[in-house]
Amino acid sequence: MGKKGRKRKTFIRKKKDDAESDERREVKKFRKNDVIRNRGEMENELFEIYYKGQNIVPPSEWNEFMASLKQPLPQTFRVTGIRRHAKFVANCIETIYFRQWKADSDQGEEKEEEEEKDDDDDDDEEAVRVVPPQPLPWYPDQLAWTMPMSKKHLRKSPALSQFHQFLISETEQGNISRQETVSVIPPLLLDVKPSHKVLDMCAAPGSKTAQLVELLHGEEDDDAGAMPSGFVVANDKDNKRCYMLVHQTKRLLSPCCIITNEDASIFPNMYLESSKGQREKVEYDRILCDVPCSGDGTLRKNVVLWKRWIPTLGTQIHRLQQRILWRGIEMLTVGGRLVYSTCSLNPVENEAVVAALLQMSEGAVELVDVSQELIQLKRSPGLHTWKVMSKLGMWFSSYSETPDSLRAHFLPTMFPPSPEAAADCHLERCIRILPHHQNTGGFFIAVLAKKRPVPWQRGETTKRHHEEEEKEEKTTTTTTTTTTTTTTVKEEEEEKRVDVDEDATASEEKEKPQIPGHKENPFFFLKGNEPVWPPIKKFFGLDDDFPVNQLMVRSSGGKKKIYATSERAMQLVQLNEKRIKIINVGVRVLDGAGSKGSICQNRLAQEGLSVLLPYLKRRQVYVPLDDMAILLRETSPNLSLLTESSQKQLTKLDAGSIVFTYDSTRCECERSETEDKMMNEGVGGRRVDACGWMGTVCARLLISKSDRNHFLLVLGLATPDDLEDKKKTEAKVRKARQRREEEEKEKEKEKEKEKEKEETAAVVVVD
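Chains are numbered independently. Their residues run from 1 in the order of the written sequence. It should be noted that, the model being predicted, local features are given only for residues of pLDDT at least 70 and side-chain atom pairs only at 80 or more, the latter also being counted only at that level, while totals for whole chains, interfaces and linings use all residues. Think of the side-chain values as coming from all heavy atoms in the structure, minus any hydrogens and water.

Peer 1: Got a minute to help me understand the overall build of the protein in this structure?
Peer 2: Strands are runs of DSSP state E lasting at least two residues, helices are runs of H or I lasting at least four, and both sets are numbered from the N terminus onward. Assigned secondary structure in the protein consists of 27 helices and 27 strands. Counting every position in the protein, which comprises 767 residues, the buried fraction comes to 49%. Accessible areas in this description were obtained via Shrake-Rupley with a 1.4 Å probe; residue shielding takes into account the shown protein chains only. Accessible area for the protein stands at about 39,300 Å²; split by element, carbon and sulfur atoms hold 49% of it. Relative accessible area decides the class of each residue, using a 1.4 Å probe on protein chains only: under 20% of the type maximum gives buried, over 50% gives exposed, and in between gives partly exposed.

Peer 1: Honestly, the packing of aromatic side chains in this entry has me stumped. Any pointers?
Peer 2: For any pair of aromatic rings, the description consists of the separation of the ring centres together with the inter-plane angle of the planes. Ring geometry is summarised as follows: Phe, Tyr and Trp rings, the Trp one being its six-membered ring, pair when their centres sit within 6.5 Å, and such pairs are stacked at plane angles under 30 degrees, edge-to-face over 60 and tilted between the two. On inspection of all chains with the given rule, the structure shows 17 aromatic pairs. One residue, Arg279, lies across the ring of Tyr271, its end atom 4.0 Å from the ring centre. Directly above the aromatic system of Trp395 lies the positively charged group of Lys387, at a separation of 4.5 Å from the ring centroid. Charges are assigned to positions over rings by a cutoff of 6 Å between ring centre and Lys NZ or Arg CZ, combined with an angular limit of 35 degrees from the ring normal.

Peer 1: What should I look at first to understand the sheet that holds strand S3 (residues 144-147) in this one?
Peer 2: Within the open sheet, the 4 strands sit side by side as S2-S3-S1-S4. Their pairing is antiparallel. The sheet terminates laterally at strand S2 (134-135) and strand S4 (176-178), the two strands that pair on one side only. Any two strands with at least two DSSP bridges between them are considered paired.

Peer 1: Looking at this model, I keep getting lost on unusual backbone geometry. Mind explaining?
Peer 2: In this structure, the amide linkage connecting Ala204 to the following residue, Pro205, adopts the cis form with an omega of 5 degrees. Tracing the backbone through its elements, the reader meets Pro205 in the loop between strand S5 (197-200) and helix H9 (207-216). Not every positive phi belongs to a glycine, and Asn55 is a case in point at roughly 60 degrees. Its location among the elements puts Asn55 in the loop between helix H2 (45-54) and helix H3 (62-69). The backbone of His426 sits at a positive phi, close to 55 degrees, despite the residue not being glycine. Along the chain, the position of His426 falls in the loop between helix H14 (419-425) and strand S16 (431-433).

Peer 1: Can you walk me through a positive patch on the surface in this structure?
Peer 2: Note that patches include only residues with greater than 30% relative accessible area and no salt bridge, and the join distances are 9 Å for like charges and 5 Å for nonpolar side chains (Val, Leu, Ile, Met, Phe, Trp, Tyr). The rule for a salt bridge is simple: a side-chain nitrogen of Lys or Arg has to be within 4 Å of a carboxyl oxygen of Asp or Glu. Neither His nor the chain termini are counted; the positive set is Lys and Arg, and the negative set is Asp and Glu. Positions of charges follow a simple convention, taking NZ of Lys, CZ of Arg, CG of Asp or CD of Glu. A surface patch of like charges, here positive, comprises Arg734, Lys735, Arg737, Arg739 and Arg740. With respect to the helices and strands, Arg739 occurs in helix H27 (residues 720-766). With relative accessibility at 45%, the residue Arg739 sits in the partly exposed group.

Peer 1: So what exactly am I meant to see when it comes to the packing of helix H12 (residues 312-331) against helix H13 (residues 351-361) here?
Peer 2: Packed helices, taken two at a time, are described by their axes: the angle between them and the distance between them. Interaxial angle, 0 to 180 degrees, is taken between N-to-C directions of lines fitted to C-alpha atoms, where a helix line uses only the stretch in contact. Where H12 meets H13, the closest approach of the two axes is 10 Å, and the angle between their N-to-C directions is 45 degrees. When the axis of H12 is compared with that of H13, the two are oblique. Regarding H12 and H13, the two cross each other, and that crossing is right-handed. Contacts between H12 and H13 involve His318, Gln321, Gln322, Leu325, Trp326 and Ile329 from the first element and Ala352, Val353, Val354, Ala356, Leu357 and Met360 from the second. Note on angle classes: values under 35 degrees are labelled roughly parallel, values over 145 roughly antiparallel, values of 65 to 115 roughly perpendicular, and the remainder oblique. Crossing handedness: left-handed means the near helix sits turned counterclockwise from the far one by under a right angle, and right-handed means the same turn made clockwise. Residue contacts are defined here by distance: any two heavy atoms, one from each residue, within 4.5 Å place the two residues in contact.

Peer 1: Would you explain a negative patch on the surface in this entry?
Peer 2: There is a patch of like negative charges on the surface, built from Glu741, Glu742, Glu743, Glu744, Glu746, Glu748, Glu750, Glu752, Glu754, Glu756, Glu758 and Glu759. Of note, Glu742 is situated in helix H27.

Peer 1: Looking at this structure, I do not really get the packing of H2 against H3. What am I missing?
Peer 2: Where H2 meets H3, the axes come as close as 12 Å, and the angle between the chain directions of the two elements is 135 degrees. The orientation of H2 with respect to H3, classified from their angle, is oblique. As H2 packs across H3, the resulting crossing turns out to be right-handed. The residues of H3 that touch H2, namely those facing Phe47, Glu48, Tyr51 and Lys52, are Trp62, Met66 and Leu69. By residue class, the composition of the contact of H2 with H3 is 5 nonpolar, no polar and 2 charged. Charged residues are taken to be Asp, Glu, Lys and Arg, nonpolar residues to be Ala, Val, Leu, Ile, Met, Phe, Trp, Tyr, Cys and Pro, and polar residues to be all remaining types, Gly included.

Peer 1: Mind showing me how you'd approach the environment of Gly656 here?
Peer 2: Among the secondary structure elements, Gly656 is positioned in strand S25 (residues 656-663). Along the primary structure Gly656 and Asn602 are separated by 54 residues, whereas in three dimensions their C-alpha atoms are 8.9 Å apart. Residues in contact with Gly656, not counting those within four places in the same chain, are Phe539, Ser598, Arg619, Gly692, Trp693 and Met694.

Peer 1: I keep staring at the pattern of salt bridges and nothing clicks. Help me out?
Peer 2: Think of it this way: side chains of opposite charge can pair up when their charged atoms draw near. Inspection of the entire model under this criterion finds 20 salt bridges. Where Lys197 meets Asp285, a salt bridge forms, and the shortest distance between an N and an O atom there is 3.6 Å. On the criterion of sequence distance, the pair formed by Lys197 in strand S5 and Asp285 in strand S10 (residues 284-290) is long-range, its members being 88 residues apart. Considered together, Lys197 and Asp285 belong to a single accessibility category, that of buried residues. Between Lys237 and Asp263 there is a salt bridge; the shortest N-O distance is 3.8 Å.

Peer 1: Honestly, the environment of His710 in this entry has me stumped. Any pointers?
Peer 2: Locating His710 in the fold gives a position in helix H26 (residues 705-714). Spatially, the C-alpha atom of His710 lies 8.3 Å from that of Gln173, the residues being 537 residues apart in sequence.

Peer 1: How do you make sense of the pairing of S3 when you look at a structure like this?
Peer 2: Side-chain direction in a regular strand flips from residue to residue, so the side chains alternate between the two faces of the sheet. Every second residue of S3 is oriented toward a common face, with Ala144 and Thr146 on one face and Trp145 and Met147 on the other, all of them buried. Two strands pair when backbone bridges link them, and strand S1 (residues 75-79) and S3 are joined in this way by 4 bridges, in the antiparallel orientation. From the neighbouring strand, Arg78 faces S3, where its bridge partner is Ala144. Note that S2 and S3 share 2 bridges and pair antiparallel. Residue pairing across strands places Gln134 opposite Thr146, the latter belonging to S3.

Peer 1: Would you explain the side chain of Ser177 in this entry?
Peer 2: As for its position among the elements, Ser177 is in strand S4. A relative accessible area of 4% places Ser177 in the buried class. Leave out the neighbours within four places in its chain, and Ser177 touches Thr76, Phe77, Arg78 and Thr80.

Peer 1: Would you mind showing me how to read the confidence of the model for the protein here?
Peer 2: Atom-level detail of predicted coordinates should not be read off regions where pLDDT is low. When pLDDT is averaged along the protein, the result is 81; 76% of the residues meet or exceed 70. pLDDT measures the predictor's confidence residue by residue and takes values from 0 up to 100. Every residue in residues 116-128 scores below 50 in pLDDT, and together they form 15 contacts with partners more than four places removed in sequence or on other chains. Here residues 460-513 scores under 50 on pLDDT; set against residues more than four positions off or in separate chains, the count is 56 contacts.

Peer 1: What am I meant to see in the sheet that holds strand S26 (residues 687-694) here?
Peer 2: Picture the strands of a sheet paired through backbone hydrogen bonds; they go either parallel or antiparallel. Pairing in this open sheet of 4 strands is mixed, and the strands run S24-S25-S26-S27 from one edge to the other. In this open sheet, the two edge strands, each paired with only one partner strand, are strand S24 (620-622) and strand S27 (699-701). Ignoring which end each strand starts from, the neighbouring axes of this sheet average 35 degrees apart. Bridging between S24 and S25 involves 3 bridges; their strand directions are parallel. Its bridge partner lying in S25, Gln620 is registered against Val659. This element, helix H24 (residues 644-651), spans S24, S25 and S26 of the sheet and lies at about 165 degrees to S24.

Set out below in C-alpha cells:
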C-alpha cells in the first residue's frame with residue numbers, strides 16, 4: 001500500500017473514531033438525563049393516563065398501586081432444590097442467621113429513631129427497620145424467602161452485611177439462587193417432570209432456566225448421580241448473553257442442559273433418535289416463552305423507565321412476541337404445556353398476543369385454569385377488553401378506528417376480540433401480578449395447553465419445501481444403508497405436516513448468514529477403545545457399564561478436560577451440531593492431573609463428581625467428621641494429623657486423585673438432633689463428597705474456598721474466617737477489659753488524690 005493509501009486509511013479510521021466518540025457522548029448525555037435522583041422524579045403522566053384507561057387496577061387501589069411502584073424492590077432468594085442437602089442449607093440459614101436477625105429486629109425501633117434524627121443528603125432515603133426474612137407462602141417446601149429491604153439497607157448492619165456476603169458466596173456455588181419473586185412463578189406453573197423435554201426459548205440471563213434444571217432433577221433420591229431422562233434446551237438470540245446463561249446453569253452441575261444460540265421466532269427443528277433407531281423431530285413437553293417486552297412491570301428495579309416509558313413501547317414489540325409464541329406452539333407436543341410470560345402490564349403485549357393465537361388455533365390450543373395452583377399467590381384475572389394508544393395519546397378501541405396515517409403502526413391483533421370471542425378464549429384465566437398485592441414487581445402469565453396440531457401444521461407443505469427436503473434427503477442417503485433409506489422415507493412423510501410459515505423459515509435457514517459471535521469448538525465424543533480411557537477406568541475402578549460414549553472433549557488433540565452428558569443430550573449434539581449453533585453442554589468430570597507422581601494423567605473434577613461417583617469402586621475414602629474438618633480448614637495437612645482409620649485406607653492407595661467422603665449415616669454419634677429429625681422424615685443425613693489429592697506425605701482438597709466454606713456450613717463447623725474473626729473479637733474484648741481495668745485504677749488513684757487534698761485542706765483550716 002502506498003503513502004496515499006495509508007494516509008486515506010488513517011483519515012477514515014480517525015473520522016470513524018470521532019463519530020463513535022460523538023455517539024458515546026450523546027448516549028452518556030441521554031443516560032445522564034434519565035438519572036432518577038429521588039422519588040419526586042418518579043412521575044410519568046402518560047403512564048398514569050394509559051393504565052387508568054386500561055382498568056388493570058380497581059380505582060380504589062390506584063394510589064396504593066402507584067405508591068408501590070415508587071418503592072425499592074425487596075430482595076428474594078431461594079435454596080436450590082437440585083441439591084441433596086437443600087434442607088440442611090435451609091436449616092443452617094434459619095438457625096445461624098435468622099436468629100441474629102430477630103435479635104436485631106428487637107433493636108430496630110431504637111435504630112429507626114436514631115436514623116430519623118440524622119439529616120441525610122438524600123431526601124427520599126428512609127430508615128428501614130431490620131425485619132427477618134419471611135418465607136414465600138406459595139413456594140413449595142418454604143425454600144424461598146423475601147427480605148423487605150434493598151441491597152443498600154442490607155449492608156447497613158454488620159450482621160446483615162455478613163448475611164449478604166453469605167448469599168453471594170452460596171449463589172456462586174449454586175446452592176442459593178437470588179431471583180425476583182415474580183420471576184419464580186412461570187417455571188413452577190410449567191409442572192416439569194424428570195422425563196420431560198423442556199425448551200426455554202428466550203433464556204438469558206438464566207434465572208428461570210436454572211429453575212427449570214432444578215425442577216428436572218427435582219425427584220432425584222439421595223443417591224448421587226441419579227440422572228433424569230429428560231433435558232432442558234436453553235436458547236437465546238444474543239451471543240454474549242448466551243455466555244451469561246452458561247455461567248448461570250454451570251453452577252447447577254447438570255449434564256442434561258444444552259445451550260443454543262438461535263433466533264427464537266424461527267427456532268429450527270431439532271432431532272433425536274427414536275426407540276427404533278430412527279431420526280425423529282423433537283416435540284417438547286414443556287416450553288417456557290418468556291418473551292422480550294417493554295418491561296414496565298420492572299419500574300421498581302429499573303427506575304430509568306419512568307422517563308423513557310411511552311405507550312408505543314408495547315406496539316413496537318407486539319409482532320415479535322406473536323412470532324415467538326406461535327413458533328413455540330408449533331414445537332409443543334400434543335398434551336404439552338407452554339407458559340407465555342412478560343414483565344409488562346400492557347395488555348397489547350399480553351392478552352392481545354394470547355387472544356390472537358387462540359383465535360388462529362381454532363380450538364387446538366386453550367388457556368389452562370391454574371387458579372388451584374400456587375393458591376396463596378395473589379393474582380388478577382386477564383382482561384376481556386382494552387384500548388390501544390398512539391404516541392400522542394390518542395385512544396383507539398378497534399383497528400377500524402385508526403386513521404390511515406397511523407394504520408401502518410398498528411396491527412388488527414393488537415385490539416381486543418369481540419365479547420363472544422373473548423369469552424370463548426377464557427382470557428380471565430390469564431394471570432396479572434400487581435406490585436401492591438404482595439410487594440413484588442409487575443408480571444403477566446398465561447398457561448397454554450395444546451389439544452391437537454394447530455391448523456397451519458395440519459395443512460400440506462409448499463412445493464418449494466418438498467423440493468428442498470428431497471434434495472437434503474438424497475444427499476444423506478447416498479452413504480447410508482438400506483435401513484437408513486427406509487428411515488428417511490418415513491421422515492419425509494412425517495415432515496409433510498408442517499405449517500406454511502415453518503416452510504418459509506426452513507428455506508430461510510439454509511440461506512441465512514452465519515450467526516456472529518465467538519466460533520465454538522466442536523464436540524468430540526469418546527469411544528471405549530480410545531487409548532485415553534483404559535488407564536482412567538483402571539485407576540478409578542469404574543464399572544464396565546459406565547456410559548463412556550457420553551463423555552466428550554472440545555478438542556480433538558488433547559483429552560485433559562473431559563465432560564459428561566446425558567444420553568439424550570449426547571444425541572441432540574450429534575444429530576444437530578451442524579444445523580444449530582450449540583454453545584455449551586455437559587458438566588466437567590475430569591481434568592488434567594498436572595503431576596508426574598500419579599499413574600493416571602487425569603484427576604476428578606468437583607463439578608462433575610456426582611456423575612462418576614456411583615460408578616467409582618476405587619479412590620474413595622470415608623473419613624470421620626474431625627478428619628473432614630482438618631481437610632476443609634487446612635490447605636495441605638500432613639497425613640499423620642488424620643485418624644488411624646483414615647490413614648489405613650490411604651496407605652493402600654497410590655498417590656493421585658482421590659475422593660474424601662463424610663457420611664453421617666455411618667456414624668450415629670456424630671449426628672445432631674436436627675439431623676436425626678430430618679432422617680426420620682426421609683430427607684437423609686449430612687454427606688460431603690470432595691475431590692482431593694493424596695501425596696506421599698500430605699493430602700489436600702482440590703476445591704475452591706467458597707466450596708470449603710459451604711461444606712463447613714453444612715457440617716455445622718466454623719470456617720477459618722469465622723475462627724479468625726472469633727480470635728480478633730476475643731482479642732478486642734481482652735483489650736477492652738484491660739482498658740476498663742486501667743481506667744478504673746486511674747479513677748481510684750484520682751479519688752485517693754482528692755481525698756488527700758481534702759485531708760490536707762481540712763488540716764490547714766483547723767490550723
